[in-house]
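# A look at the structure
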Amino acid sequence: MSEADEVQLRHVDLGRPAARSEATEGRGEARTEATARTEATARTEAIEERTGAAEGRTEERTEERTGAEEGRTEERTGATLERTGAAEGRTEERTGAAEGRTEERTGATVERTGAAEGRTEERTGATLERTGAGAAARSIPSPDQFKLRRFFVLRPGTLNQAIKDVEALVDEKVDGSVHGIWLMAEVDHWNNEKERLVLITDNSLLVCKYDFVMFTCDQVQRVALNFVDRISHGAFSFPKRSLLQRGGEGVRVFWDRLREPSFTSRWNPFATDFPFITFTSHPVWNASDTFAQLCDVKNFREQLWDAAQKVHAVKPVPGKANGVLVLNQQIQIEAYVGLMSFLGNQNKLGYCMARGNIGF
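Below is a short write-up of the structure. (Residues numbered from 1 in each chain as written. Predicted model: local features only at pLDDT ≥ 70, side-chain atom pairs only at ≥ 80, totals over all residues. Heavy atoms only, no water.)

### Quick word on a nonpolar patch on the surface
On the surface, Leu243, Phe263, Trp267, Tyr336, Val337, Leu339, Phe342 and Leu343 cluster together into a nonpolar patch covering about 940 Å² of accessible area. Looking at which element gives the most residues to the nonpolar patch, the answer is helix 7 (residues 339-346), with three residues. Counting through the fold element by element, Phe263 comes out in helix 4 (residues 263-266). Given the relative accessible area of 62%, Phe263 is considered exposed. (Patch = residues over 30% accessible without salt bridge, like charges linked within 9 Å, V, L, I, M, F, W, Y side chains within 5 Å. Areas by Shrake-Rupley, 256 points an atom, 1.4 Å probe, with all protein chains shown as cover. Salt bridge = Lys/Arg side-chain N within 4 Å of Asp/Glu carboxyl O. Helix = DSSP H or I, 4+ residues; strand = E, 2+ residues; numbered from the N terminus. Buried < 20%, exposed > 50% of the residue type's maximum accessible area, 1.4 Å probe, protein only.)

This is how it looks when you write it as structure tokens:
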């Protein structure tokens, strides 16, 4: 045998074990893969069995819990329905009682409404009758109403402008705030009437001579309220031998009871140093309700006393008795013949009036 043949035989002998090893390894790998697959399949089946059992137990527990909750819910629902029924019953009872009371009240209200409507109709009828009578009276002016129209203070807007003008003259530091304004007639010691606007403030009594034609204030007399010591009111009176007379009532304000007018001042028709001032109602007091309030002597007296009392308590005057004395007595005017006052009062020379073609 040659060397080449021996080499080939050696190669063949060496190649056979290698092939066998490869085949053996292939069969081992196949077995390993099959074993792994079998184990994986077994594990998967075991997991699925466990999962199914867990799901079964979960479903059983869920069903048990759901059933228990449904039972409790039904019990609660039944209790709620029972309470609701009881509440509805009580509500119906209360509603019925309330409706009964409402019907009773409605009946009483209807009765009251009917009675009120009856009274309202009666009052309306009476008001219509009065209104008709008043309209009839105003439709035919009387001679006195024509005479009242001659006063300039009755012209539209005149009084409002006059009030604004005199209020502007008030000194707040001295007088304080304004309490009230009145339209008065001043009666002097010779029985002469003079048209005046009178203001009561915190501390003062202001008497203004106002020109209702020119809208100017010609004179202002200021009287401190803490010096006012006496207020008398009543009818006017004259001496026994006097030829004069005056109707109506007046009010006289005193601020120095210890000082008496001198003989010269009594007989001087232009004297202004008297320690008192006298007022009476303005002739236009019955022109309207507004002028009736502005010319109310009683209201003026009451507010003057009240304001003076307050000032006496706050600012007393040394050497004088505190307080204001109010006397209901006749107001004496010491005038005998009074020809000048007779002519002046008859022609209303102390008032701003239209006098035809003759000026005043």
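### Description of the pattern of salt bridges
A complete count under the given rule lists six salt bridges for this structure. In this structure, Arg196 and Glu186 form a salt bridge, with 3.1 Å as the shortest nitrogen-oxygen distance. In this pair, Arg196 sits in strand 2 (residues 193-201) while Glu186 sits in strand 1 (residues 178-187), placing the two residues 10 residues apart along the sequence. The exposure class of Glu186 is buried, given its relative accessible area of 13%. Residues Glu334 and Arg266 are paired through a salt bridge, measuring 2.8 Å at the closest nitrogen-oxygen approach. Taken as a pair, Glu334 in the loop between strand 9 (331-332) and helix 7 and Arg266 in helix 4 lie far apart in primary sequence, 68 residues in all. Relative accessible area serves as the criterion here: at 45%, Glu334 is assigned to the partly exposed category.

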